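Each chain, letter by letter, is given below.
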There are 2 protein chains.
Amino acid sequence: MSQQIYDRVALIGLGLIASSMGHAMKKWNLAGSVVGHARSEETRKAALEVGFCDEVFDTAAEAVKDADLVVLAVPVLAMGPIAAEIRDHLKPGATVTDVGSVKQAVIEAVAPHIPEGVDFVPGHPLAGTEHSGPRAGFATLFRNRFCLLVPGHARPVAVERLTRLWQGMGANVEQMDAAHHDRVLAVTSHTPHLIAYTMVGVADHLAQVTESEIIKYSAAGFRDFTRIAASDPTMWRDVFLTNKEATLDILGRFMEELFVLQRAIRMEDGKTLHDYFTRTRAIRRGIIEAGQDTAAPDFGRVKAQEE
Amino acid sequence: MSQQIYDRVALIGLGLIASSMGHAMKKWNLAGSVVGHARSEETRKAALEVGFCDEVFDTAAEAVKDADLVVLAVPVLAMGPIAAEIRDHLKPGATVTDVGSVKQAVIEAVAPHIPEGVDFVPGHPLAGTEHSGPRAGFATLFRNRFCLLVPGHARPVAVERLTRLWQGMGANVEQMDAAHHDRVLAVTSHTPHLIAYTMVGVADHLAQVTESEIIKYSAAGFRDFTRIAASDPTMWRDVFLTNKEATLDILGRFMEELFVLQRAIRMEDGKTLHDYFTRTRAIRRGIIEAGQDTAAPDFGRVKAQEE
Ligand SMILES: NC(=O)c1ccc[n+]([C@@H]2O[C@H](COP(=O)([O-])OP(=O)(O)OC[C@H]3O[C@@H](n4cnc5c(N)ncnc54)[C@H](OP(=O)(O)O)[C@@H]3O)[C@@H](O)[C@H]2O)c1
Ligand SMILES: NC(=O)c1ccc[n+]([C@@H]2O[C@H](COP(=O)([O-])OP(=O)(O)OC[C@H]3O[C@@H](n4cnc5c(N)ncnc54)[C@H](OP(=O)(O)O)[C@@H]3O)[C@@H](O)[C@H]2O)c1
């Protein structure tokens with residue numbers, strides 16, 4: 001059904017996203033070979049053991065040699081140094097892409113290192129779980145999820161090829177400019193994560209007071225927050241440091257709204273609360289209709305994983 | 001395997017919780033008959049159609065007649081008026097319980113109406129989904145979830161019998177005092193819900209700016225929030241109005257913590273962010289170990305529903 005899109009793909013960073021790409025490329029025969037590099041030997045070994053890489057290298061420079069596609073799948077702040085390391089080892093005509101959660105900062109850090117004759121097509125798959133590392137990936141992670149590409153000055157032929165790769169892994173590919181991407185993601189992902197981390201932090205202080213009951217009796221609301229807040233600390237630190245302006249803007253708006261609801265509770269203004277909650281309910285319906293979720297309580301995740 | 005624990009159970013309110021109880025009592029043969037009342041004829045009809053009630057009544061007073069157990073399963077602020085309506089129709093020796101998400105306010109509103117010779121055993125199953133109404137329930141909703149009872153002055157024999165009912169429906173029953181319950185729930189459920197509602201409200205304002213992209217591209221963090229924020233507006237209005245003090249206290253602490261993280265982003269203090277995120281990750285592990293969740297991305301919900 002599918003055909004190989006790249007002869008040789010090099011994954012730099014072998015965590016959740018890279019391992020999922022590796023599994024997907026193998027499952028749907030999208031690449032001739034998949035090679036990789038990660039910082040630690042432990043991760044490199046795990047990648048071979050799990051089997052989503054055919055070969056691993058001790059350095060990124062060695063890994064990218066002869067690769068038609070190089071995927072930067074490390075935390076956002078690690079991308080610049082890696083780009084500097086690989087720049088002289090890239091194959092002419094190759095494409096470099098990344099999967100970072102922030103786009104402006106990655107482009108600023110990576111683009112200056114891309115040599116003439118190599119295309120840089122930044123990307124961001126809107127898919128993830130709270131697990132990380134080389135054993136966390138699975139082939140269907142990207143199925144029915146969006147992958148946003150920010151083509152910039154890349155040649156259309158390179159963008160088109162990368163688009164086919166992502167489509168082959170099940171993603172719906174769309175293009176967006178970098179500033180807009182960072183703003184949309186600040187609302188839909190970055191600020192919600194910060195808030196979840198904060199709420200879990202509050203509970204942590206109180207947990208000492210109430211002898212772990214807070215953990216024991218955690219119900220739906222909080223449980224979902226802890227899942228979000230279990231994501232990789234380095235990845236998220238980098239996201240907030242590199243998408244600072246947009247996150248701070250959305251956070252400011254969030255606090256304003258929260259003050260309104262806080263005041264409504266204090267004043268026992270039931271109408272304001274009811275109206276607010278009714279409005280947010282409608283947004284949920286919009287998301288289900290947009291096909292980003294299902295009405296079922298599992299929101300479609302398990303299905304994706306089991307397919 | 002199981003034996004009937006009550007001859008006749010009356011469900012007042014026929015939404016998510018009541019319908020789940022009805023399904024569970026039927027599935028595991030825990031009650032001789034299940035009757036019910038809801039405000040609207042539509043809901044009463046649906047209850048019969050779905051089949052978790054054997055009989056429905058136009059008034060709560062009629063429904064509780066001859067019932068050995070009366071379950072108040074309406075929004076918290078509706079409980080007092082219903083208690084006043086049924087007080088003279090309760091069977092001597094009967095038990096009244098409720099499933100409200102707040103306990104002090106329910107006790108204040110309901111206890112004065114409980115006649116001599118009837119036991120009042122307030123309760124709260126820590127289980128739910130974002131769906132509501134008579135078609136939302138399923139028998140395994142309470143499986144492996146806690147149900148907190150606040151026995152107060154009820155006779156031990158009545159408490160013990162209600163405990164067996166909840167255990168029969170799969171719940172782990174524990175006792176707690178009302179003030180403590182309200183505080184624990186403010187942290188684990190009420191404040192997280194308010195925050196989710198707020199974040200979704202922020203996105204709603206911005207959605208007009210970015211032409212629905214925020215909905216279209218909503219990724220994990222925000223999607224979970226919208227699910228939480230899709231819960232019934234009346235139920236949650238009542239929760240915040242009746243658990244006001246504890247919610248405002250936790251909300252105050254939340255804002256303090258959020259200011260710390262906001263400042264860390266503004267000052268580009270990566271160490272504070274990384275340390276914070278590392279700490280919250282550990283809490284997640286605690287929850288998984290406490291058995292309130294699984295490590296799988298579906299957090300065990302679907303499994304419960306499919307069993
Ligand atoms: N997780 C998500 O939900 C998600 C979703 C979309 C996009 N993203 C983006 O995808 C990228 C990777 O995320 P992930 O979730 O796959 O992360 P992950 O599971 O934590 O894996 C990160 C990988 O990067 C390697 N690495 C870290 N620092 C490095 C460095 N300085 N030099 C070389 N390798 C380094 C790690 O190697 P070691 O194991 O040896 O340390 C590991 O293999 C990030 O930019 C993130 O923003 C993540
Ligand atoms: N949902 C959760 O996650 C959850 C979890 C634990 C505890 N609880 C608690 O359980 C209780 C019920 O919640 P739920 O989720 O089952 O709600 P729900 O699905 O929205 O159903 C509420 C039911 O109460 C009826 N009702 C509302 N106001 C009434 C009134 N004034 N008089 C008579 N009946 C009235 C409704 O009848 P109509 O349909 O005719 O309007 C409906 O049958 C609440 O106290 C809530 O705090 C909820």
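Residues numbered from 1 in each chain as written. Chains lettered and ligands numbered in written order. Predicted model: local features only at pLDDT ≥ 70, side-chain atom pairs only at ≥ 80, totals over all residues. Heavy atoms only, no water.

Caption draft 1: Summary view of the pairing of strand β4 (residues 69–72) of chain B. All names here are of chain B. Because side chains alternate across β4, one face comprises the buried residues L69 and V71, and the other comprises V70 and L72, equally buried. The pairing of strand β1 (residues 6–12) with β4 spans 4 bridges and is classified as parallel. Looking at β4, one finds that A10 is bridged to V70. Bridging between β4 and strand β5 (residues 95–98) involves 4 bridges; their strand directions are parallel. Bridging from a neighbouring strand, V71 pairs with T97 of β5. Handedness of the β-α-β unit built from β4, helix α4 (residues 79–86) and β5 comes out right-handed. (Buried < 20%, exposed > 50% of the residue type's maximum accessible area, 1.4 Å probe, protein only. Helix = DSSP H or I, 4+ residues; strand = E, 2+ residues; numbered from the N terminus. Pairing = 2+ DSSP bridges. Right-handed = clockwise from strand over helix to strand, strands pointing away.)

Caption draft 2: Region of interest: the site of ligand 1. All names here are of chain A. Looking at ligand 1, there are 28 residues lining it, with R39, S40, T43, V74 and S101 nearest. Here an oxygen atom of ligand 1 and a side-chain polar atom of T43 are 2.6 Å apart. V74 places a main-chain nitrogen or oxygen 2.6 Å from an oxygen atom of ligand 1. Here ligand 1 loses 86% of its free accessible area of 900 Å² to cover by the protein chains. For the shell around ligand 1, the secondary-structure elements that each account for two or more residues are α1 (16–27), α4 (79–86) and β6 (119–125). For the shell around ligand 1, a count of residues per class yields 15 nonpolar, 11 polar and 2 charged. (Near = heavy atom within 4 Å. Polar contact = N/O pair within 3.5 Å; in protein donor to acceptor, adjacent residues only side chain to side chain. Areas by Shrake-Rupley, 256 points an atom, 1.4 Å probe, with all protein chains shown as cover. Nonpolar A, V, L, I, M, F, W, Y, C, P; charged D, E, K, R; others polar.)

Caption draft 3: Structural context of the environment of T247 of chain A. Its place among the elements puts T247 of chain A in helix α11 (residues 244–266). Note: C-alpha distance between T247 of chain A and D182 of chain A (65 residues apart in sequence) is 8.8 Å.

Caption draft 4: Quick look at the relation of the copies chain A and chain B. Superposition record for chain A on chain B: RMSD 0.0 Å, screw rotation 180 degrees, translation along axis 0.0 Å. In symmetry terms, the pair is related by a two-fold rotation axis. Both copies contact each other with a shared surface, as 99% of the interface residues of chain A are interface residues in chain B too. (Least-squares fit on C-alpha atoms with pLDDT ≥ 70 in both. Contact = heavy atoms within 4.5 Å.)

Caption draft 5: Examining the packing of aromatic side chains more closely. Inspection of every chain in the model, using the stated rule, returns 11 aromatic pairs over all chains. Arranged with centres 6.4 Å apart and planes meeting at 75 degrees, the rings of F254 of chain A and F254 of chain B form a pair that is edge-to-face. Of this pair, F254 of chain A sits in helix α11 while F254 of chain B sits in helix α11 (residues 244–266), placing the two residues on different chains. Look at F254 of chain A and you get buried, because its relative accessible area is 0%. Here the aromatic rings of W236 of chain B and F240 of chain B are separated by 5.7 Å at their centres, their planes lie at 35 degrees, and the arrangement is tilted. In this pair, W236 of chain B and F240 of chain B are both assigned in helix α10 (residues 233–242), 4 residues apart and thus about one turn of the helix distant. Looking at F240 of chain B, the relative accessible area reads 0%, which means it is buried. One aromatic cluster is present, built from ring pairs that chain together Y197, W236 and F240 of chain A together with F277 of chain B. Directly above the ring of Y276 of chain A sits R279 of chain A, whose terminal nitrogen or CZ lies 4.8 Å from the centroid. (Phe/Tyr/Trp six-rings, centres within 6.5 Å; stacked < 30°, edge-to-face > 60°. Lys NZ or Arg CZ within 6 Å of the ring centre and 35° of its normal.)

Caption draft 6: Geometry of the site of ligand 2. Residue and element names in this part refer to chain B. Inspection of the region around ligand 2 gives 28 residues, with R39, S40, T43, V74 and S101 positioned closest. Within the backbone of I17, a nitrogen or oxygen atom sits 2.9 Å from an oxygen atom of ligand 2. One nitrogen or oxygen atom from the main chain of G133 is found 2.8 Å from an oxygen atom belonging to ligand 2. Contributions of two or more residues to the shell around ligand 2 are made by α1 (16–27), α4 and β6 (119–125). Counted by class, the shell around ligand 2 contains 15 nonpolar, 11 polar and 2 charged residues.

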